[in-house]
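Summary of the model geometry
Chain residues, written in single-letter form:
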Amino acid sequence: DKTRKYLYIPAEIAGITILDVGDPDAPTPVGTYPAPMSRSFLGVDIAGSTLYIAASNYGVISLDISTPGSPVYIDRYPTSMTTVLKVAVPDGLLFLSTPEGLQVLDVGTDPEDIRFVSRENRHSDIEYIWASGTRMITCAGLFGLDGFNMPEMYSPDHTFHYGGGMRINGAFYLSDYIYTAAANNDLTIFESAGLYVFPSFVVEVPLGGSALDVQLDGSLCYVLTTTGVSQVSVFDPTSPILIEEAVSDDPKAFHATTQYIYVCDEDEGFIVFETLAMTRYGSDPGAAGYEYTELLLAGDYAYASAGDDGIVIFDISDPSAPSEIAQIDTPDDAEGIAIYGEWLYIAADRDGVIPYKIIAPGDSLVEYDIFDTGGRAIDVHAEQNYVFVADRYGLLILRNEAYGIGESPSARPEDIAISAWPNPFNSAIKIRVQGVEGSRVRVEVFNINGRTVANLPVGAGSKPARAGTGGSRTLPYEITWQPDASLGSGVYLVRAKIEDVEITKRIVYLK
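All values derive from a computational prediction rather than experimental measurement. (Residues numbered from 1 in each chain as written. Predicted model: local features only at pLDDT ≥ 70, side-chain atom pairs only at ≥ 80, totals over all residues. Heavy atoms only, no water.)

Digging into the overall build of the chain
Along the chain, the regular secondary structure elements total zero helices and 45 strands. A burial count over the chain gives 51% of its 511 residues as buried. A separation threshold of at least 6 residues defines the contact pool for the chain, and within that pool the share at least 24 residues apart is 42%. Within the structure as shown, the chain displays about 22,000 Å² of accessible surface, and the carbon and sulfur contribution to it stands at 49%. (Helix = DSSP H or I, 4+ residues; strand = E, 2+ residues; numbered from the N terminus. Buried < 20%, exposed > 50% of the residue type's maximum accessible area, 1.4 Å probe, protein only. Contact = heavy atoms within 4.5 Å. Areas by Shrake-Rupley, 256 points an atom, 1.4 Å probe, with all protein chains shown as cover.)

Quick notes on the sheet that holds strand S6 (residues 60–64)
One open sheet accounts for four strands, arranged S4-S5-S6-S7; its pairing is antiparallel. This sheet does not close on itself; its edge strands, each paired only once, are strand S4 (43–47) and strand S7 (72–77). Pairs of neighbouring strands in the sheet enclose a mean axial angle of 25°, with direction left out of account. (Pairing = 2+ DSSP bridges. Axes fitted to C-alpha atoms, helices over the stretch in contact; angles between N-to-C directions.)

As for the sheet that holds strand S1 (residues 6–10)
If you walk across this open sheet you meet the three strands as S1-S2-S3, and the pairing is antiparallel. This sheet does not close on itself; its edge strands, each paired only once, are S1 and strand S3 (28–33). Averaged over all pairs of adjacent strands, the angle between strand axes in this sheet comes to 25°, irrespective of strand direction.

Remarks on the pairing of strand S32 (residues 336–340)
The element S32 is extensively covered by neighbouring structure, given that four of its five residues are classed as buried. Of the strand pairs in this sheet, S32 and strand S33 (residues 343–347) are connected by five bridges, and their pairing is antiparallel. Bridged to Ala338 within S33 is Tyr345. In this antiparallel pair of consecutive strands, S32 and S33, the connection spans two residues, and Gly341 shows a positive phi of 65°.

Some words on the packing of aromatic side chains
In the structure shown here, the tally under the stated rule is 17 aromatic pairs. With a centroid separation of 5.4 Å and 55° between ring planes, the pair formed by Tyr196 and Phe446 is classed as tilted. Of this pair, Tyr196 sits in the loop between strand S18 (187–191) and strand S19 (200–205) while Phe446 sits in strand S41 (residues 441–447), and the two are 250 residues apart along the sequence. The same class applies to Tyr196 and to Phe446, which are both buried. Three or more aromatic residues link up through ring pairs in this structure, and these residues are Tyr260, Tyr262, Phe270, Tyr281 and Phe314. In this structure, Arg76 is placed above the aromatic ring of Tyr58, and the distance from its NZ or CZ to the ring centre is 3.8 Å. (Phe/Tyr/Trp six-rings, centres within 6.5 Å; stacked < 30°, edge-to-face > 60°. Lys NZ or Arg CZ within 6 Å of the ring centre and 35° of its normal.)

Notes on the side chain of Thr275
When you line up the elements, Thr275 lands in the loop between strand S26 (269–274) and strand S27 (279–284). In this structure Thr275 comes out as buried when scored by relative accessible area, which is 8%. In contact with Thr275, other than residues within four places in its own chain, are Tyr222, Gln231, Thr257, Thr258, Gln259, Tyr260 and Ile261.

Structural notes on the pairing of strand S5 (residues 50–54)
Burial analysis of S5 places five of its five residues in the buried class, which makes it a mostly covered element. Relative to S5, S4 runs antiparallel, the two being bridged by five bridges. Note on S5: the bridge partner recorded for Gly43 is Ala54. Linkage of S4 to S5, two consecutive antiparallel strands, is achieved through a turn of two residues, within which Gly48 is found at a positive phi near 65°. Of the strand pairs in this sheet, S5 and S6 are connected by five bridges, and their pairing is antiparallel. Of the residues in S6, the one forming a bridge with Leu51 is Leu63. In sequence, S5 turns back onto S6 through a hairpin of five residues, with Ser56 there showing a positive phi of about 55°.

As for the pattern of salt bridges
Taken as a whole, this structure holds ten salt bridges when the rule is applied. Note that Glu127 and Arg167 form a salt bridge whose closest N and O atoms lie 2.9 Å from each other. Note that Glu127 is positioned in the loop between strand S11 (115–121) and strand S12 (128–132) and Arg167 in the loop between strand S15 (157–162) and strand S16 (170–174), a separation of 40 residues in sequence. Here Glu127 falls in the partly exposed class, since its relative accessible area comes to 22%. For Arg167, a relative accessible area of 29% corresponds to the partly exposed category. Connected through salt bridges with shared partners, the residues Asp349, Arg350 and Arg376 form a single ionic network. (Salt bridge = Lys/Arg side-chain N within 4 Å of Asp/Glu carboxyl O.)

Re the layout of surface pockets
What the largest pocket holds in volume is close to 1,100 Å³. The wall of the largest pocket is formed by 39 residues, among which Tyr128, Ile129, Asp213, Glu294 and Asp379 lie closest to the centre. The set of elements that each furnish at least two residues to the lining of the largest pocket consists of S12, strand S20 (211–217), strand S24 (251–256), strand S28 (294–298), S32 and strand S36 (379–383). Residues of the lining of the largest pocket, tallied by class, amount to 23 nonpolar, seven polar and nine charged. (1 Å grid on protein atoms, 1.4 Å probe; cavity = no way out; pocket = protein on both sides within 12 Å on 5 of 7 lines; lining within 4 Å. Points joined across faces, edges and corners; volume = space filled by probe spheres on them. Nonpolar A, V, L, I, M, F, W, Y, C, P; charged D, E, K, R; others polar.)

Observations concerning a nonpolar patch on the surface
On the surface, Ile359, Val366 and Tyr368 cluster together into a nonpolar patch covering about 260 Å² of accessible area. Relative to the assigned elements, Ile359 resides in strand S34 (residues 353–360). Ile359 sits in the exposed class, given a relative accessible area of 54%. (Patch = residues over 30% accessible without salt bridge, like charges linked within 9 Å, V, L, I, M, F, W, Y side chains within 5 Å.)

Side note on unusual backbone geometry
A cis amide bond links Trp421 to the next residue, Pro422, at an omega of -10°. Unusually for a residue other than glycine, Asp186 sits at a positive phi of about 60°. Within the secondary structure, Asp186 sits in the loop between strand S17 (177–181) and S18. Although it is not a glycine, Leu195 sits at a positive phi angle of roughly 65°. Residue position: Leu195 is located in the loop between S18 and S19.

What follows is the structure, encoded as structure tokens:
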């Protein structure tokens, strides 16, 4: 506190120490504020005569420091299942840095009543990524899972964060249901309309071992567990039925198809099960001992990321007699693998992402320059020339400039878009939806829990249409939304549905 020549020092479990630094050569202790039992003070910031403390898993504490040496307690804002590391207080807003990301609180309206405004989740332990079309899910172990909609592949809209208190190792989304490998909670199914609604619990299916990964093939769900692969009928996702389990000693990765399930087992090697009776069909026991992490198929070959053992490649042209044909070292542990077209990508932990070009089927791989993510690349997904990386400390989206096909995603018409401004806003917001002429357009606003708070008319009062380029005409509709007085500050989602295409935009309302 330079203006009053006082210094407030967070000293973890010792609490706050207050020094008079009027004489910089002889700082003098003038007061303290103790930390609650078994809590830590990690950071502070000052706004006026109020001191805000990042109090670890105790949340945020505010103190009145009108009398510098004798701070007085004002309020506490508890945080759920996270730790507050740092705080900053510009212009009546309190920003909290946590392992889960950023939280924003309102401390300007009533300093004695700290209120939630919004949050932006960026976990510190992202381990798994699943994506298909315009939907994406990331899993972060005990930090839970996050949903994304991708109206543009390079700009995903974060739609929800689900903590839940369970460790989620993998997830798969299909037709409004999320199927999760929830460790000791086995196969846990949630419902989330369009993957933009906060998930609601549906059912839990007990399995033979702790769930490690999950995949779907039609109405059958396959779950990799510590004891094998479980086959579950999800024809009715609200009433799943456990059918059978294919047992193995120490399974680490798998890939399920309509006819066969391919399993990398650290003790037993490479195993093929047929899906009808879930019985063993073929194996390569010589492939035991590798640190398998993930498995993918491409034609007659299976490619496994195998930790410190790099990449392991199998010939599966005859599923009854699979055979290892190559093992390729990687600079750091091969934690995740993705294949799209002629490109194979490895999430190589501290070394980042390694792209390989598959020159010929099998083991003919040409390594390209490594992309250093700056963190720890744990999992990777590829679609066309975009590469999504679960980088432990965040989600990265990369683009492969050497990719031989067009950069525009084929299923996302360029003449459909949504924008909103100003954002954040405090009274009214303009929403612009651009769609193909003649299309049926519907615009709705949801709160973060998925409840509809507004249906916005489209067409009346819209701006004049302008001709688009490339033969089709686009209509930019501009709608002004002024929230009802009953709505509070926070994050809202604008959804525009144009024929069969849905796009969403996150907006922040600050009263």
